[in-house]
Amino acid sequence: MENAKKKPLLAVLGRSNTGKSSLCRMLAPQAMKAIKVGKYPGVTKGLKEIDNEDYILVDLPGFGYMMHVSKQFRDEVQDKIIKFIEQRHREIFIAIEVINIEMFRIVFDKYKDTSVPFDKELFEFLQQFKVPTVILANKIDKLRKQEGETEFAYLKEVMDIKRYPGIPPGNIIAFSAKTGLGFESLQERIAFYLKTKRAR
Ligand SMILES: Nc1nc2c(ncn2[C@@H]2O[C@H](COP(=O)(O)OP(=O)(O)OP(=O)(O)O)[C@@H](O)[C@H]2O)c(=O)[nH]1
Ligand SMILES: [Mg+2]
């Protein structure tokens, strides 16, 4: 038990309904039943920690709209996510920020002229704490090949990760929890950061 507590954390973050829990199921198939997945935003309501051999997998609720809950509950959930990052960032060996690439441009462009859009804000927040971060352009299977490439290029351009020397270009991955596209690249990144964390 004592040992389990010392395992580093893999945190899965992002907006609601982007496929965070679906990704967690891929990473920990043995815990499939304990991880809820659903069609509406707001399925995951609390932080779910799953012991996954070398690390603790943390499936978090989504930022933004949640169905079937009050605004007060939603605000509390969002507070919890922020506190989790602020208080436990040293334990996180990798954060995976999951984006729904099908919707990314629409949501991003809506806010880009008036504020820092949320997806970028979350990434920057994690960088303030120097948390190694991988961005997944999930649901790429929903777009035609050409469109997928265009949207993925747009994501890379606006997230502008090259401003962060600690984050290599390979940390943005075109992904599909449905087809498994990108899963090998992600696993390579996870193994890399796990090894790096151990060496620290
Ligand atoms: N086509 C497609 N659907 C996906 C993919 N990943 C997830 N989904 C679907 O998207 C919906 C939301 O998935 P979840 O994994 O529950 O998303 P979440 O980010 O955990 O959602 P919240 O917990 O509500 O924030 C489900 O209907 C999934 O089956 C994907 O790569 N492709
Ligand atoms: Mg979820």
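Residues numbered from 1 in each chain as written. Chains lettered and ligands numbered in written order. Predicted model: local features only at pLDDT ≥ 70, side-chain atom pairs only at ≥ 80, totals over all residues.

Student: When you look at the pairing of strand E4 (residues 92-100) in this model, what are you seeing that I'm missing?
Tutor: In regular strands, side chains alternate between the two faces of the sheet. Buried residues dominate E4, accounting for nine of its nine residues. Of the strand pairs in this sheet, strand E1 (residues 9-14) and E4 are connected by six bridges, and their pairing is parallel. Among the inter-strand pairings, Gly14 is bridged to a residue of E4, identified as Val98. (Buried ≥ 20, exposed ≤ 12 C-beta atoms within 10 Å, placed from the backbone. Helix = DSSP H or I, 4+ residues; strand = E, 2+ residues; numbered from the N terminus. Pairing = 2+ DSSP bridges.)

Student: When you look at the site of ligand 1 in this model, what are you seeing that I'm missing?
Tutor: Near ligand 1 lie 23 residues; those nearest to it are Gly19, Ser21, Ser22, Thr44 and Gly62. Top contributing element to the shell around ligand 1 by residue count: helix H2 (residues 20-27), with three residues. (Near = placed C-beta within 6 Å.)

Student: I'm lost on the environment of Thr18 in this one. Help?
Tutor: Residue position: Thr18 is located in the loop between E1 and H2. Spatially, the C-alpha atoms of Thr18 and Ile161 are 20 Å apart, while their sequence positions differ by 143 residues. With residues near it in sequence (within four places) discarded, Thr18 still touches Gly62, Val98, Ile99, Asn100 and Asn138. (Contact = placed C-beta atoms within 7 Å.)

Student: Please explain H2 as it appears in this structure.
Tutor: In an α-helix, one turn spans 3.6 residues; hence positions three or four apart end up facing the same way. Burial in H2 covers these residues: Lys20, Ser21, Leu23, Cys24 and Leu27. Down the axis, H2 shows its buried residues gathered within 155° of arc, on one side only. The elements touched by buried residues of H2 are E1, strand E2 (48-52), strand E3 (55-59) and E4. (Arc of directions from axis to C-beta.)

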